[in-house]
Amino acid sequence: MAAIMIESLEGRVGSVVTLQGWLQQKRASKGLIFLVIRDGTGLVQCVVNQRDVDEHSWASASTMTQETSLTVKGEVCVDERQIGGVEVQVSGLEIIHLVSDYPITPKVHGVEFLMDRRHLWLRSRRPWAVMRVRNCVIMSIHNFFQERGFLQMDAPILTQNAVEGTSTLFEIDYFGSPAYLTQSGQLHGEVMAMAFSKIYTFGPVFRAEKSKTRRHLTEFWMIEPEMAFYDLDMNMTLAEDFLVRVASDALRNCEDELELLGRDLDALRRVQAPFPRISYSEAVELLRSDKTKRLVEVKIDALHSEKSDLEKERVSNKSNYGQLKEWKKRRVDAREIEINARLAQVQEELRNLPRWWQSAAEFEWGGDFGGSDETLLTWHFDRPIIVHRYPEAVKAFYMKRDPEDDRLALGMDVLAPEGFGEIIGGGQRADDLAFLEEQVERHDLPREAFEWYFDLRRYGSVPHSGFGLGLERTVSWICGLEHIRETIPFPRTLGRLTP
RNA sequence: UCCUCGGUAGCUCAAUGGUAGAGCAUGCGGCUGUUAACCGCAGGGUUGUAGGUUCGAGUCCUACCCGGGGAGCCA
């Protein structure tokens with residue numbers, strides 16, 4: 001009999017099936033063992049009753065340890081208490097490989113410990129949910145563009161071009177000459193847009209930024225659509241439709257996964273067009289306004305009352321401690337650890353918020369937004385927002401200038417709500433040869449390397465636009481994750497290149 | 001590079017300058033419906049490294065190493 005995948009068990013109530021998988025968890029009492037089996041498509045509890053199985057199967061179930069691989073046979077039964085509503089009454093089982101000392105035990109682990117064992121951690125429930133959402137987001141992206149007639153193209157990874165300065169590029173030796181790992185497929189995307197009108201890239205990019213934050217990877221996947229004959233407004237509308245699609249596909253296909261991750265689904269349901277569009281100048285005003293000040297004050301008050309509640313609870317727990325029974329003391333000890341961890345978090349936020357407000361209040365027109373500024377901006381809205389028309393100095397050399405105000409570039413960023421920040425950056429590209437030549441000179445870029453790019457403006461130049469979406473930041477937002485390193489199977493960060 | 005927090009048992013964390021502990025994991029025993037099961041017993045430690053202060057240092061001081069978070073930069 002061929003093995004059945006766990007995800008298809010619901011439709012097989014009453015029939016006898018064979019499953020193959022790994023033991024995720026075991027609970028035993030006299031004459032009865034509960035095995036939770038994982039096969040990548042889901043989890044199912046298998047009940048081994050000593051009365052119903054032969055001696056060999058019973059012995060196997062008894063000795064079995066976490067992550068032992070096995071084949072199990074049994075009848076699918078309805079049990080409302082289980083996830084998926086079914087469990088398997090085991091009639092026989094066979095160990096394939098018995099494990100001893102699997103390092104990731106069913107308890108809380110620290111980040112470093114888990115990252116060092118990422119190759120095993122990926123078997124756990126949270127990574128399972130995240131990787132399934134990532135897969136869903138990837139399919140959603142392809143479907144969105146394919147349905148709209150975009151051509152998928154692969155930009156080169158090895159390149160000579162430094163699109164936004166060389167300080168953040170990984171340099172390699174290319175047969176004796178310097179070359180770089182690409183940090184964007186955009187320039188090559190523009191080439192293909194002039195050949196196919198609407199294209200998108202989907203590939204890895206590399207940034208040698210020495211950033212150690214929850215938003216940064218040195219290797220990540222970027223999606224960059226590029227459209228001939230699109231102006232800034234059309235570009236923004238496309239980005240909007242795109243994110244609405246990604247969020248709704250995730251809600252439709254990954255509700256279980258998102259719930260396992262504790263995601264607030266209502267926040268995702270609010271991702272509907274139109275997104276608020278505000279200009280950079282309006283955003284600056286908003287940052288400096290009393291509205292932002294009040295928002296910060298409300299947050300600070302909430303944190304203060306949470307802090308005093310936690311401290312009160314800690315004191316009252318301590319005062320009763322002596323009279324408690326042993327098992328209750330352990331409860332209190334565990335709760336104390338929880339309280340301490342949350343208090344540390346609250347304390348850090350309380351330290352940060354006044355600084356954030358300070359820097360927002362003193363923000364001067366012309367600068368680029370920092371992470372805290374973006375967070376404060378998104379707190380004003382319940383869905384993603386689009387900020388457009390930035391000062392040209394903070395944007396890339398290839399951005400088109402605003403015909404109505406030469407100080408501005410026709411760039412736009414999409415900021416995800418709930419503090420997740422920038423997930424899309426893009427804009428309308430400069431289509432005038434003389435302007436681009438001047439820009440390359442002003443930015444001190446090697447002119448020779450851009451000759452082929454200039455050709456696009458020599459032969460049938462048209463208005464065109466595009467944007468780049470960071471896949472991992474998007475998955476992070478959809479899943480509601482604290483840290484981007486959980487969104488990619490093998491994250492590459494400052495100081496981590498293994499596993 | 002800078003700022004900030006941390007490093008104690010396999011893991012997560014406790015411990016006014018005064019005898020290093022708990023939970024989980026592991027092993028053994030108990031329990032026929034468990035949901036991070038529960039109950040009993042047992043083993044498990046060079047408190048990151050090197051110095052210093054002190055009658056006495058996990059705790060205080062100095063330097064270094066490693067890690068978390070943040071700034072800059074960015075998706």
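Details of the structure are given in the entry above.
Here is a short report on the structure shown in this document. None of these values were measured; they are calculated from a predicted model.

**Section: the overall build of chain A**
So, step 1. If you tally the helices and strands in chain A, you get 15 helices and 17 strands.
So, step 2. When the backbone C-alpha atoms are referred to their principal axes, chain A occupies close to 85 × 60 × 45 Å.
So, step 3. Taken over 499 residues, chain A has a buried fraction of 47%.
So, step 4. If you take every contact in chain A between residues at least 6 apart in sequence, the share linking residues at least 24 apart comes to 68%.
So, step 5. Of the roughly 24900 Å² of accessible surface on chain A, a fraction of 51% belongs to carbon and sulfur atoms.
So, step 6. Distance between charge centroids for chain A: 7 Å, based on 62 positive and 77 negative side chains.

**What about the pattern of salt bridges?**
So, step 1. Taken as a whole and assessed by the stated rule, the structure comprises 29 salt bridges.
So, step 2. With a shortest N-O distance of 3.5 Å, E240 and R277 are connected by a salt bridge. Remark: R277 occurs in strand 12 (residues 277–279) and E240 occurs in helix 6 (residues 232–253); sequence separation between them is 37 residues.
So, step 3. With relative accessibility at 5%, the residue E240 sits in the buried group.
So, step 4. Under the relative-accessibility criterion, R277 is labelled partly exposed at 30%.

**Things to note about unusual backbone geometry**
So, step 1. Residue P274 is bonded to the preceding A273 through a cis peptide linkage, with omega at 0°.
So, step 2. Residue placement: P274 occurs in the loop between helix 8 (265–269) and strand 12.
So, step 3. Phi at R389 takes a positive value of approximately 60°, unusual for a residue other than glycine.
So, step 4. Following the sequence through the fold, R389 ends up in strand 13 (residues 385–391).
So, step 5. We note that E418 has phi near 60°; this positive angle belongs to a residue other than glycine.
So, step 6. Along the chain, E418 turns up in the loop between strand 15 (405–416) and strand 16 (421–428).

**Points about the protein's contact with RNA strand B**
So, step 1. Around RNA strand B, 48 residues are found, and the nearest of them are Q25, R27, K30, R214 and R473.
So, step 2. Here RNA strand B approaches the protein such that, of its atoms within 4 Å, sugar and phosphate make up 53%.
So, step 3. A distance of 3.0 Å is found between a base oxygen of RNA strand B and a side-chain nitrogen or oxygen belonging to Q89.
So, step 4. Put simply, the parts of the chain that give the surface near RNA strand B at least two residues each are strand 1 (16–29), strand 2 (32–38), strand 3 (43–49), strand 5 (86–97), helix 2 (111–116), strand 11 (219–228), helix 11 (326–361) and strand 16.
So, step 5. Among the residues forming the surface near RNA strand B, the class breakdown is 14 nonpolar, 14 polar and 20 charged.

**Here's the deal with the side chain of E87**
So, step 1. Checked against the element boundaries, E87 lands in strand 5.
So, step 2. Buried within the structure, E87 lacks any salt-bridge partner; its nearest side chain of opposite charge belongs to R81, at an N-O separation of 5.4 Å.
So, step 3. A distance of 3.4 Å separates polar atoms of two side chains, one belonging to E87 and the other to Q89.
So, step 4. Setting aside anything within four residues of it in sequence, one finds E87 in contact with V44, Q45, V47, E75, V76, C77, D79 and Q82.

**Overview of helix 5 (residues 186–196)**
So, step 1. Those residues of helix 5 not exposed but buried are Q186, L187, G189, E190 and A193. Looking down the long axis of helix 5, one finds its buried residues gathered within 155° of arc, a one-sided arrangement.
So, step 2. Buried-residue contacts for helix 5 involve strand 6 (151–153), strand 10 (198–206), strand 11, helix 14 (451–458) and strand 17 (464–470).

**Overview of the pairing of strand 13**
Every regular strand shows the same layout, with side chains that alternate between the two sheet faces.
So, step 1. Counting buried residues along strand 13, six of its seven residues qualify, which places the element largely inside the surrounding structure.
So, step 2. Where strand 12 and strand 13 come together, three bridges link them in parallel fashion. Counted as the bridge partner of S279 is H388 from strand 13.
So, step 3. The pairing of strand 13 with strand 15 spans six bridges and is classified as antiparallel. Across the sheet, residue Y390 finds its bridge partner in strand 15, namely A409.

Conventions adopted
Residues numbered from 1 in each chain as written. Chains lettered and ligands numbered in written order. Predicted model: local features only at pLDDT ≥ 70, side-chain atom pairs only at ≥ 80, totals over all residues. Heavy atoms only, no water. Helix = DSSP H or I, 4+ residues; strand = E, 2+ residues; numbered from the N terminus. Buried < 20%, exposed > 50% of the residue type's maximum accessible area, 1.4 Å probe, protein only. Contact = heavy atoms within 4.5 Å. Areas by Shrake-Rupley, 256 points an atom, 1.4 Å probe, with all protein chains shown as cover. Lys, Arg positive; Asp, Glu negative; His and termini not counted. Charge placed at Lys NZ, Arg CZ, Asp CG, Glu CD. Salt bridge = Lys/Arg side-chain N within 4 Å of Asp/Glu carboxyl O. Near = heavy atom within 4 Å. Polar contact = N/O pair within 3.5 Å; in protein donor to acceptor, adjacent residues only side chain to side chain. Nonpolar A, V, L, I, M, F, W, Y, C, P; charged D, E, K, R; others polar. Arc of directions from axis to C-beta. Pairing = 2+ DSSP bridges.

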